[in-house]
Amino acid sequence: MCGIVGYCGPRKAMPVLIQGLRQLEYRGYDSSGVAFLQGDSINVVKKQGKLVNLENALPSRAASTIGIAHTRWATHGGVSDENAHPHLSGNGKVAVVHNGIIDNFVDLRRELQDKGYEFKSETDSEVLAHLIDYYLDGTRGPEEAVSAALDRIEGTYGIIVLFKDDSELLIGARNGSPLIVGVGEKEMILASDATAFIGLSRQAIFLDDGEMAVISPREYRTVNRHQQEIQKPVEEVDIEAAEAMKGEYEHFLIKEIMEQPDAVSRAMGEGGRLLKDFGTAKLGGLNLEKRDFFDINRIHILAMGTGYYAGMVGAGMIENLARIPVQVFDASEYRVSNPIVQRDTLYLAISQSGETADTIMAVKEVQNKGGRVLGIVNVVGSTLARLTEGGVYTHAGPEKSVASTKAFTSQSTVLALMALLLGRMRDVPVRRGKELVDALLELPNKIHRTLGLRDRIRELAKKYKDYQSILYMARGNQYAIALEGALKLKEISYIHAEGFSSGGLKHGPLALISEDMPSVFIAMDGETLEKDINNIQEVRARKGPTLVVTDSDDPRLEDVSDDLLRIPKTDEVLSPILTVVPMQLFAYYVALELGREIDQPRNLAKSVTVE
Ligand code: F6R
């Protein structure tokens, strides 16, 4: 996973690199490091742990105007200073930062060791520094040497290379891991993600797989795998510095939870993606002709983690409104299951980052078999956004906290728009369509009201924080929210949590219930409330503490629950977009009470760019 950044220009490189790393820390935070030219040598400083450790170790006056930097999520080799990047070639001529995995590194390492190269780390990445150095043999220049080295690499990479003997040159290359060139006024920056350019440049060139960028302060060149020069468009990237900052909040997570009314509104194009008079939605980016919609007999959704649960929510909405069968797949499993790709199936990939390797590989598998994939992606210009044949941006704004919240509600909102659009093209009458449009437009306000429960949820968090394990239960279209609620809690509080269908309770999980095992129930008004109340009672009868989230006024809920949270009513189809909010707040406040590293939970990273 990892984040990489490189700078060359008139400014001092160090503050630019550190600011870039701060923005990229969401990609991994096991260690970080920088390499910069000082006099006629490359200096490397690298430290395990959070970025602040590196900052404390940096020389106070580093005047260098060129350098590269890295923030790591460990794959090969433990978390240590030695395994931190950048890696330097033995003679100090080449420094490399790498994001990705080199599959054939064991063979390459052995080959280089036989040639006399000494390795200082256990990483796969170090082979790159030595290999480039090896090819920098006097007959090849830096560009040819990098190219020759990359020809030997099997696996994925986004790399940036710094050379001791060229004080104005950086070379970047990509294969499977993102790399973007930021073009400034007499300065250039390379990074895994355009947020690293904030305040420097809005002009970006997105490298594709197999491409290399050769940059110096005043110029850049892009070349393909055969070292032929290629022209790439310079695109405007729209990143608001303020959106990527914590502002008044203690953590990004609570900021992002609180931003959901706006994020959901943006997912609806502030209303512009809805056609009120026709009771339908308008999603231009899908690139589908009207008649294409009629040919869709089935939908397969591919995603991971929270995106997968949003997919489950969307599947319910589409099946309910459009009566098209939808299956949601864990993308990592889909890819290895030799999927049956069919012409009348619409494939949807959901991803906040647009860089999730498992989802990307599943999409490529579908595309290789002739399938057409649309994306629901948040990060503009990300790999998935570019790979898919069309799609919808969620426009949730930067999501920095590792635990995904506003991306989920925005993805679910976009899926609701899709369900409405497909439904209106099939059986949903205009009257029902208009009802849904109204309900969608009221959602931001209802999310806002649900967020008003946060003080009460904070109190509940104090009560529940010391349990070892918590179960989440719901049925129907809320089942996905039970799973998402459990995921949120475990990833940021480290309390074990599992989601089950309320109906499944008696088929096994009930054995877990005791006074030490609380259950969070989502029990919504409607046909299944009766059954939910029975399930809650079954837990109660076995002394299990119960926390119930509902939109119902049924007084029996007061009796059967230890704690009750009432949220506003919305259209039943949209209700998962509301019920998830108390789940997010509960996880946040439990983690806060436990003093966890909320935005950067242990062992995780925001973008999972390795399979
Ligand atoms: C959970 C979480 C992860 C991501 C998953 C997919 O809070 O953040 O489960 O949802 O890694 O990431 P994207 O959406 O970037 O593809």
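Keep in mind that what you see is a predicted model, and the values were worked out from it rather than measured.

### Some thoughts on the side chain of Ser 502
Line of reasoning, step 1. Residue position: Ser 502 is located in the loop between strand 24 (496–501) and strand 25 (519–522).
Line of reasoning, step 2. Excluding anything up to four places from it in sequence, Ser 502 contacts Met 473, Ala 474, Arg 475, Phe 521, Asp 532 and Asn 535.

### Overview of the nonpolar core
Line of reasoning, step 1. Counting residues in hydrophobic clusters, the biggest one holds 94 residues, and the most contacted among them are Leu 286, Ile 299, Leu 440, Tyr 472, Leu 489 and Phe 586.
Line of reasoning, step 2. The greatest single-element share of this core, amounting to 13 residues, is contributed by helix 19 (residues 576–593).
Line of reasoning, step 3. Beyond its immediate chain neighbours, meaning those up to four positions away, Ile 299 contacts Ile 318, Ile 324, Pro 325, Val 326, Gln 327, Thr 345, Leu 346, Leu 348 and Leu 422.
Line of reasoning, step 4. One finds Leu 128, Ile 132, Ile 171 and Met 212 within the second-largest nonpolar core, a separate group that totals 30 residues.

### Details of the sheet that holds strand 26 (residues 546–550)
Line of reasoning, step 1. The strand order across the open sheet formed by 5 strands is 24-23-25-26-27, and the pairing between neighbours is parallel. Edge positions in the sheet fall to strand 24 and strand 27 (563–566), since each has one partner strand and no second. Each neighbouring strand pair of the sheet contributes to a mean axis angle of 15 degrees, computed without reference to strand direction.
Line of reasoning, step 2. Of the strands in this sheet, strand 23 (469–474), strand 25, strand 26 and strand 27 touch helix 19, which is tilted by about 160 degrees from strand 25.

### Some words on the site of the ligand
Line of reasoning, step 1. Around the ligand lies a shell of 14 residues, among which Ser 351, Gln 352, Ser 353, Thr 356 and Glu 491 are the nearest.
Line of reasoning, step 2. Within the backbone of Gln 352, an N or O atom sits 2.7 Å from an oxygen atom of the ligand.
Line of reasoning, step 3. In the model, an oxygen atom of the ligand is placed 2.9 Å from a nitrogen or oxygen of the Lys 488 side chain.
Line of reasoning, step 4. Using a 2 Å cut-off from the grid points, one finds that the ligand occupies the second largest pocket.
Line of reasoning, step 5. Going through the elements one at a time, helix 9 (305–322) and helix 16 (479–493) are the ones with two or more residues in the shell around the ligand.
Line of reasoning, step 6. Looking at the shell around the ligand, its residues break down into 4 nonpolar, 8 polar and 2 charged.

### Here's the deal with the environment of Ser 192
Line of reasoning, step 1. Topologically, Ser 192 is positioned in the loop between strand 10 (188–191) and strand 11 (203–206).
Line of reasoning, step 2. Taking the C-alpha atoms as reference points, Ser 192 and Arg 343, 151 residues apart in sequence, are found 35 Å from one another.
Line of reasoning, step 3. Residues within four places of Ser 192 in sequence aside, it is in contact with Cys 2, Gly 3, Ile 4, Leu 24, Arg 27, Asn 99, Pro 178, Leu 179 and Ile 180.
Line of reasoning, step 4. In this structure the side chain of Ser 192 is engaged in a polar contact, spanning 2.8 Å, whose partner is the backbone nitrogen of Ile 4.

### Considerations on empty space enclosed by the protein
Line of reasoning, step 1. Tallied over the entire structure, the rule returns 4 cavities of 30 Å³ or more.
Line of reasoning, step 2. Together, Ser 147, Leu 150, Asp 151, Tyr 157, Ala 173, Arg 174, Gly 210, Glu 211, Met 212, Val 223, Asn 224 and Arg 225 line the largest cavity.
Line of reasoning, step 3. Of the volumes computed, that of the second largest cavity is approximately 50 Å³.
Line of reasoning, step 4. Taken together, Cys 2, Arg 72, Trp 73, Thr 75, His 76, His 85, His 98, Gly 100, Thr 123, Asp 124 and Ser 125 make up the lining of the second largest cavity.
Line of reasoning, step 5. Looking at side-chain class alone, the lining of the second largest cavity contains 2 nonpolar, 7 polar and 2 charged residues.

### Observations regarding the packing of aromatic side chains
Line of reasoning, step 1. Within the structure shown, the criterion is met by 6 aromatic pairs.
Line of reasoning, step 2. A ring pair is formed by Tyr 134 and Tyr 135, whose centres lie 5.1 Å apart and whose planes are at 70 degrees; its orientation type is edge-to-face.
Line of reasoning, step 3. On the accessibility criterion, Tyr 134 (33% relative accessible area) is partly exposed.
Line of reasoning, step 4. Ring geometry for Tyr 464 against Phe 586: centres 5.8 Å apart, planes inclined by 75 degrees, an arrangement best described as edge-to-face.

How each quantity is defined
Residues numbered from 1 in each chain as written. Predicted model: local features only at pLDDT ≥ 70, side-chain atom pairs only at ≥ 80, totals over all residues. Heavy atoms only, no water. Helix = DSSP H or I, 4+ residues; strand = E, 2+ residues; numbered from the N terminus. Contact = heavy atoms within 4.5 Å. Core = buried A, V, L, I, M, F, W, Y, C linked by side-chain atoms within 4.5 Å. Buried < 20%, exposed > 50% of the residue type's maximum accessible area, 1.4 Å probe, protein only. Pairing = 2+ DSSP bridges. Axes fitted to C-alpha atoms, helices over the stretch in contact; angles between N-to-C directions. Near = heavy atom within 4 Å. Polar contact = N/O pair within 3.5 Å; in protein donor to acceptor, adjacent residues only side chain to side chain. 1 Å grid on protein atoms, 1.4 Å probe; cavity = no way out; pocket = protein on both sides within 12 Å on 5 of 7 lines; lining within 4 Å. Sits in = over half its atoms within 2 Å of the grid points. Nonpolar A, V, L, I, M, F, W, Y, C, P; charged D, E, K, R; others polar. Points joined across faces, edges and corners; volume = space filled by probe spheres on them. Phe/Tyr/Trp six-rings, centres within 6.5 Å; stacked < 30°, edge-to-face > 60°.

Distances and angles like these do not, on their own, reveal function.
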